[in-house]
Amino acid sequence: MTEQPSKTETADGGTPHKTLTPEAQRALAEAEARRKAYREAEARLPKEVGGRGGNEPGRYGDWEVKGLASDF
């Protein structure tokens, strides 16, 4: 068998880089800004004392503990 380069790899062994449209770049930048703002707002919230831990069920839906979900 002859060794042929993979279609997903470049000649130097790395993965190819696709050029993004300006719209896609703007969308990615906006999404990153939203994630950053959310993380900053979440960090400013007071920490819960004696809570169950985990993600906020109001945002993610149901309580889930060890794979069992229940409505709150």
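Reading the values: rules and limits
- Every chain is numbered independently, its residues counted from 1 as its sequence is written.
- In keeping with the predicted nature of the model, local features appear solely for residues at pLDDT of at least 70, side-chain atom pairs appear and are counted solely at 80 or more, and the whole-chain, interface and lining totals rest on all residues.
- The basis for every side-chain value is the complete set of non-hydrogen atoms in the structure, without hydrogens or water.
- The salt bridge criterion pairs a side-chain nitrogen of Lys or Arg with a carboxyl oxygen of Asp or Glu, the two atoms within 4 Å.
- Comment: elements are numbered from the N terminus, with helices defined as DSSP H or I runs of at least four residues and strands as E runs of at least two.
- Throughout, exposure labels follow a simple rule: accessible area from a 1.4 Å probe, protein chains only, divided by the maximum for the residue type, with under 20% read as buried, over 50% as exposed, and the rest as partly exposed.

K.L.:
I keep staring at the pattern of salt bridges and nothing clicks. Help me out?
P.N.:
Note on pairing: side chains with opposite charge can pair once their charged atoms come close. Here the structure, examined in full by the defined rule, presents two salt bridges. Ionic pairing is found between E32 and R35, a salt bridge with its closest N-O pair at 2.9 Å. In this pair, E32 and R35 both sit in helix α1 (residues 22-44), three residues apart, roughly one turn of the helix. With a shortest N-O distance of 3.9 Å, E32 and R39 are connected by a salt bridge. Accessibility expressed as a relative area gives 39% for E32, which makes it partly exposed. Taking the relative accessible area as the measure of exposure, R39 reaches 46% and is therefore partly exposed. Bridged by salt links that share partners, the residues E32, R35 and R39 form one connected network.

On their own, these measurements won't tell you what the molecule is for.
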